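Chain by chain, the residues run as shown.
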Protein chains: 2
Amino acid sequence: MTEFRSVVAATGEPTGPAFAVHGPAEVDAACAAAAAAFDTYRATTREERAAFLEAIASEIFAIGDDLIEAAMSESGLPRARLEGERGRTVGQLRLFADVVRKGTWQQLRIDPAMPDRQPLPRPDIRLRMIPVGPVAVFGASNFPLAFSTAGGDTASALAAGCPVVVKGHPAHPRTGELVAAAITRAVAACGLPAGVFGHLVGPSNELGAVLVQDQRIAAVGFTGSRSGGLALVRLAQGREVPIPVYAEMSSINPVLLLPEALKARGAALGTAFVGSLTMGAGQFCTNPGLVLAIEGEGLEAFLAAATEAVSGAGAQTMLTGGICKAYLSGVAALETANGVEKLAEGLAGEAMQGHAALFRTTAQAFLADKALGHEVFGASSVVVVCKNEAELATVLSGLEGQLTATLHMDAADEALAARLMPVLEVKAGRILANGWPTGVEVCHAMVHGGPFPATSDPRTTSVGSLAIARFLRPVSYQNLTTGLLPPELRDDARGDGAPRLIDGTLTL
Amino acid sequence: MTEFRSVVAATGEPTGPAFAVHGPAEVDAACAAAAAAFDTYRATTREERAAFLEAIASEIFAIGDDLIEAAMSESGLPRARLEGERGRTVGQLRLFADVVRKGTWQQLRIDPAMPDRQPLPRPDIRLRMIPVGPVAVFGASNFPLAFSTAGGDTASALAAGCPVVVKGHPAHPRTGELVAAAITRAVAACGLPAGVFGHLVGPSNELGAVLVQDQRIAAVGFTGSRSGGLALVRLAQGREVPIPVYAEMSSINPVLLLPEALKARGAALGTAFVGSLTMGAGQFCTNPGLVLAIEGEGLEAFLAAATEAVSGAGAQTMLTGGICKAYLSGVAALETANGVEKLAEGLAGEAMQGHAALFRTTAQAFLADKALGHEVFGASSVVVVCKNEAELATVLSGLEGQLTATLHMDAADEALAARLMPVLEVKAGRILANGWPTGVEVCHAMVHGGPFPATSDPRTTSVGSLAIARFLRPVSYQNLTTGLLPPELRDDARGDGAPRLIDGTLTL
């Protein structure tokens, strides 16, 4: 195949002009350019790099409605959602510009020389974080703007000082092309080498495989399926020089309904839950695919309200035909699983649409079948009815790693919640109370990450300002002359606004 | 085999009472105890944890001369070196106590709620680092105190709040037993659960393999050979839930002699170089195994002085018979390598002793044979004579990742050094000028790490206070009640001395 076309999500029909399919030659050229740009790009000042991130934000916004319309056509997501997502994408770039300017990410450390120390003098030792090198970013289908070409991975890698080579998601080539062109304009406007940003497109997995195996790539960011993420991890580990893969993969985001909250507002929780479940056709990494609760009247009220809400929920266009097919087969598997009862399904839709589905099972049945704990990507959820706290704790402890864990609780549930907290902390990257996991705030304290298989590396986050840490490594400088020290580590750089750990004491 | 004995390094003869060989049952018990202790241990206050680290330091010091004598017998290292190493081990524990107290490692972040934000309110989101879980530590043979049972990996993991299961190095079981007993006394004295520290011993690699594959182990620290480290990485990646391995493995620590420095003091550099090369029988991870310089009179003066110093260097007892054998075979391989000339070898010694060796080759020969760039663990070094700066840069660029890179330079060399800096940063974890790489300061700005194969994870260090970051992961808390928030994230904890990033601004 030498070219491919954009597909209208709602119909599955190709549209618009064809895109050239990239292959090994384009990967080689993009990686060579990225490697050549690395030293120049990483030597930019904090202000230059921040201004570049802001320029990308402005260029993306300046595309205007063409971008929204392309994304609507290619993803099937509604206008309001995509306008919000554009705001988030642009805001994320500006957040990283602010982070770059503040300079905390550099982790500057200075241990001054102690020439008179006995038995040996201490040399002057200074440390900073430097970018790891060119980063390969795999765009995700479910956020064609915020987790794709100029999404969080790209923003955080560029903020760290790494050139980025994006492997655009084939589900939205037109959207990707518009965004890539905006980044390319920003690169040129800021006088940076062209290799700071590269963009590869094509429908095959081989393209990504070649990219991850290119020896000039130093790290990988990925958001997508568990099988896709694990395949990239394997490729990255099989290289002559292994590299880290930050894959955000699979999570069913358990929601725990505690007894007093259920008693007080079971029905209201049921309705609100379905709002979170069906948002964006359920195509969120943080979609609540599992509900845990102790049996009783409150839970029955929750289930009745949720059943009613799901039954009335309209079908929604899914991102791609493949995702729709996988979703429907996941739902079909739940329908025939042992000890699982279908409570409701949403209204039937067109060929490319998925409808919501709600299932009920017992703790015993859930524990007996590991498959019930696997992600079904879409608006499907399983409610596990537990006999008591002990059963609830057993189910919770048996879960795989998660992006999120949610507690619905009243004041009288706090003692139970406190007993669960140590388990929740070990299982999830984010714990939230009396809200829904969908909707991930882009801020400094956000963790969008978590133990395997939620991600391939729970020491990090892919959303929020801490994401920059993924693409940095420490270097220490011992007894270097001022001329050889990086500017930010020289004595005359004190007062540049970046915090420094001086002899172990943090100074602003 | 059910028991094994300590071996006198100088003679290869067994001595003292036998040690029981541990197997899967002991691994299971140690990991179960560590997992059971995890929640209690990680809930300790900063003060409690710091006091525990200090108690370990005191207990180790209180062992007295028995410890030094055991380590001398088992490692063959001299008294002064081991007394220094004990000081370093104890100092390292105290440094981490100070780090734990200061609390910067918690990376506290608070993004306060914005209830009136449009179009959606912002929830209250807070972040802290939590320990990853029980850590397996593999003691190294070359630092029986500072990189072993209570070495840097153990100290940093305990500081992070992780229980530790040590797989003691079979080359120093008596030393390890004494130190393990000291830690165990500190655990008891501090009223901590016994599982906070476990100690496994045995001569086989299988013991370590079982440990790394235990599902309760969350991370691994290792210092040793490249083959050993890579084997652990493979095991850790093959688990149902993969875990990180921090393996510090292999480095030849290039020393670059720049032209003006060579001209000014070639002979003095040659003598000093051999001092670093032969220290501790060359058994340092940072031993200078490669020298790069441009041909000329200065280099000839360096080589003449180094040749003389090596020729007069006495043989030294090596850590183990296996290490001695591997060293001698590495030296033998260099003797027969194409284009390599042996300049000098040290005085012959006893059966368990290694003698220094110095080789000379050309850039061309070095580039033609990858094996010349592999570590020979011991007091052997290869001087690569380059025709000009371009050849020097080519050799440097072709090197694998390193723990250190050293520049010897005068003021007039600074322009050349500045051209080399970007390459050095990409190749090494620590760059030093006008010193020798042996001797790794335990401080805040130290990086004892570097690109593969120097380590399996260049994003970290295994020496210095930043090492604590290896055993932490972020968790975020959204809209939790004060009662459910970890104490350090509550509003009333402000002023506890730990820095906080509040809405993106660092506050002390």
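About the criteria used
Residues numbered from 1 in each chain as written. Chains lettered and ligands numbered in written order. Predicted model: local features only at pLDDT ≥ 70, side-chain atom pairs only at ≥ 80, totals over all residues. Heavy atoms only, no water. Helix = DSSP H or I, 4+ residues; strand = E, 2+ residues; numbered from the N terminus. Buried < 20%, exposed > 50% of the residue type's maximum accessible area, 1.4 Å probe, protein only. Core = buried A, V, L, I, M, F, W, Y, C linked by side-chain atoms within 4.5 Å. Contact = heavy atoms within 4.5 Å. Pairing = 2+ DSSP bridges. Axes fitted to C-alpha atoms, helices over the stretch in contact; angles between N-to-C directions. Buried area = accessible area lost by both parts, 1.4 Å probe. Salt bridge = Lys/Arg side-chain N within 4 Å of Asp/Glu carboxyl O. Polar contact = N/O pair within 3.5 Å; in protein donor to acceptor, adjacent residues only side chain to side chain. Nonpolar A, V, L, I, M, F, W, Y, C, P; charged D, E, K, R; others polar. Least-squares fit on C-alpha atoms with pLDDT ≥ 70 in both.

Identification of chain A as NADP-dependent aldehyde dehydrogenase from Novosphingobium taihuense is taken from an unreviewed UniProt entry.

A. Structural view of unusual backbone geometry. Residue and element names in this part refer to chain A. Cis geometry is found at the peptide bond from Gln 118 to Pro 119, where omega equals 0 degrees. You can see Pro 119 is positioned in the loop between β3 (108–111) and β4 (125–131). Within the chain, Gln 107 stands out as a residue other than glycine whose phi angle is a positive 50 degrees. Residue position: Gln 107 is located in the loop between α4 (79–102) and β3. What makes Gln 107 partly exposed here is its relative accessible area of 30%. Even without glycine at this site, Asn 479 takes up a positive phi of about 60 degrees. Accessibility expressed as a relative area gives 37% for Asn 479, which makes it partly exposed.

B. Just the nonpolar core, in detail. Phe302(A) and Leu407(A) are the most contacted members of the largest nonpolar core, which has 78 residues in total. By residue number, the principal contributor to this core is helix α9 (residues 259–278) of chain A, which donates six residues. Each residue touching Phe302(A), except ones within four places of it in the same chain, is listed here: Leu257(A), Leu262(A), Gly266(A), Ala267(A), Leu269(A), Gly270(A), Phe273(A), Val291(A) and Val383(A). Grouped together as the second largest cluster of nonpolar side chains are 77 residues, Ala344(B), Phe366(B), Val382(B) and Met421(B) included.

C. Quick look at the sheet that holds strand β5 (residues 135–138) of chain B. All names here are of chain B. If you walk across this open sheet you meet the five strands as β7-β6-β5-β8-β9, and the pairing is parallel. Whereas interior strands pair on both sides, the edge strands pair on one side only; in this sheet they are β7 (197–200) and β9 (245–248). Between one strand axis and the next, the sheet turns through 15 degrees on average, direction left out of account. Relative to strand β8 (residues 219–223), β5 runs parallel, the two sharing four bridges. Looking at β8, one finds that Val 137 is bridged to Gly 221.

D. Here's a closer look at the interface of chain B and chain A. Counting residues at the interface gives 74 residues for chain B, matched by 74 residues for chain A. Where chain B abuts chain A, roughly 6,000 Å² becomes buried across the two surfaces, and 57% of that area is made up of carbon and sulfur atoms. Per-residue buried area on chain B facing chain A is highest for Glu425(B), Arg459(B) and Leu484(B); these three make up 12% of the total on that side. Between chain B and chain A we count ten salt bridges in total. The closest approach of N and O atoms between Arg128(A) and Glu425(B), which form a salt bridge, is 2.5 Å. Remark: the boundary between chain B and chain A carries 42 residue pairs in polar contact (both at pLDDT 80 or more). Where the side of chain B that touches chain A is concerned, the elements lending two or more residues are α1 (24–42), β3 (108–111), β4 (125–131), α14 (414–427), β18 (428–433), β19 (472–478) and β21 (505–507) of chain B. Per-class residue counts for the side of chain B that touches chain A are 41 nonpolar, 13 polar and 20 charged. Bridge count between strand β19 (residues 472–478) of chain A and β18(B): three bridges; the pairing is parallel.

E. Here's a closer look at the relation of the copies chain B and chain A. Once chain B is rotated about the relating axis by 180 degrees and shifted along it by 0.0 Å, it coincides with chain A to within an RMSD of 0.0 Å. Look at the turn and shift together and you get a two-fold axis relating the two.

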